[in-house]
Amino acid sequence: LTSYRTAKFHLVDLAGSERAKRTGAVGNRFKESVAINAGLLALGNVISALGDPAKRGSHVPYRESKLTRLLQDSLGGNSRTLMVACASSADTDFEETLNTLKYAHRARNIKNKPVVNHDPRVAQLAALQDENEALRRELRRVAEGFP
């Protein structure tokens, strides 16, 4: 039987921690920055739960935000995950860069062991479809009078 594999690809840009004082956000922008911070906090909690050896086996709060729910497979599931952390060399960004590096270091401690999942039903269905197509070709050949 033919083997079929599928994959997911998530590309997520995590906007930096939004500091209301620094950005001067008001109104809808402020509400958006609060939502971003809530999502980043939930993601940090998931990363801590998965990456900290002391917390291994404890509850992982994937359901705290849409972001962590979306990234559940990537964070603690059956996948290969790459995180790119952007840092700034500017003195004014020192605190945010340090927090980013701490965040990335915690994420680095997460160890996934991905394996290829094979679904025998999908392979069997594909084999039956291939056989069906071969029989249709043969029927057309016979109907046209070719042996």
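Residues numbered from 1 in each chain as written. Predicted model: local features only at pLDDT ≥ 70, side-chain atom pairs only at ≥ 80, totals over all residues. Heavy atoms only, no water.

Enquirer: Before we go on, may I ask you to explain the overall build of the protein chain in this structure?
Expert: Helix and strand content of the protein chain: six helices and zero strands. By the compact-globule yardstick of 15 Å for 147 residues, the protein chain is too spread out, its C-alpha radius of gyration being 24 Å. With respect to the three principal axes, the spread of C-alpha positions in the protein chain is 80 × 40 × 30 Å. Taking all 147 residues of the protein chain together, 21% fall into the buried category. Taking the contacts inside the protein chain whose residues are at least 6 apart along the sequence as the reference set, 62% of them involve residues at least 24 apart. Surface summary for the protein chain: the accessible area is close to 11,900 Å², and the carbon and sulfur share equals 56%. Positive and negative side-chain charges of the protein chain, numbering 23 and 16 respectively, have mean locations separated by a distance of 5 Å. (Helix = DSSP H or I, 4+ residues; strand = E, 2+ residues; numbered from the N terminus. Rg over C-alpha atoms; globule rule 2.2 N^0.38 Å. Buried < 20%, exposed > 50% of the residue type's maximum accessible area, 1.4 Å probe, protein only. Contact = heavy atoms within 4.5 Å. Areas by Shrake-Rupley, 256 points an atom, 1.4 Å probe, with all protein chains shown as cover. Lys, Arg positive; Asp, Glu negative; His and termini not counted. Charge placed at Lys NZ, Arg CZ, Asp CG, Glu CD.)

Enquirer: Explanation requested: the side chain of S74 in the structure shown.
Expert: Along the polypeptide, S74 turns up in helix 4 (residues 72–76). Among all residues touching S74, those that are not within four sequence positions of it are H10, S79, T81 and N112.

Enquirer: Would you explain the side chain of T97 in this entry?
Expert: Its location among the elements puts T97 in helix 5 (residues 94–108). With a relative accessible area of 12%, T97 lands in the buried category. From its side chain, T97 meets the backbone nitrogen of S88 in a polar contact 3.2 Å long. Among residues more than four places away in sequence, those in contact with T97 are A87 and S88. (Polar contact = N/O pair within 3.5 Å; in protein donor to acceptor, adjacent residues only side chain to side chain.)

Enquirer: Help me out: how do you make sense of the nonpolar core in this one?
Expert: The tendency in soluble globular proteins is for nonpolar side chains to be buried side by side. Grouped together as the largest cluster of nonpolar side chains are 14 residues, with contacts concentrated most on L43, V46, I47, L50, V60, Y62 and L75. Among the elements that make up this core, the one with the highest residue count is helix 2 (residues 28–51) (six residues). Apart from the residues within four sequence positions on either side, Y62 is in contact with V46, L50, T68, R69, Q72, L75 and G76. (Core = buried A, V, L, I, M, F, W, Y, C linked by side-chain atoms within 4.5 Å.)

Enquirer: Any chance you could explain the confidence of the model for the protein chain here in plain terms?
Expert: Low-pLDDT portions of the prediction should not be read for the details of their coordinates. Of all residues in the protein chain, 91% attain a pLDDT of 70 or more, and the chain-wide mean is 83. Highest mean pLDDT in the protein chain belongs to helix 6 (residues 120–143) (90); lowest belongs to helix 1 (residues 20–23) (70). (pLDDT = per-residue confidence, 0-100.)

Enquirer: Hey, could you run me through helix 2 in this one?
Expert: Three- or four-residue spacings in an α-helix give side chains the same orientation, since the helix completes a turn every 3.6 residues. Taking 1.5 Å of rise per residue, 24 residues should cover 34 Å, and helix 2 covers 34 Å from first to last C-alpha, within 8% of that figure. Taken as a whole, helix 2 has its buried residues at S33, G39, L40, A42, L43, G44, V46, I47, S48, A49, L50 and G51. Close packing links the buried residues of helix 2 with helix 3 (66–70), helix 4 and helix 5. (Expected span 1.5 Å × (residues − 1).)

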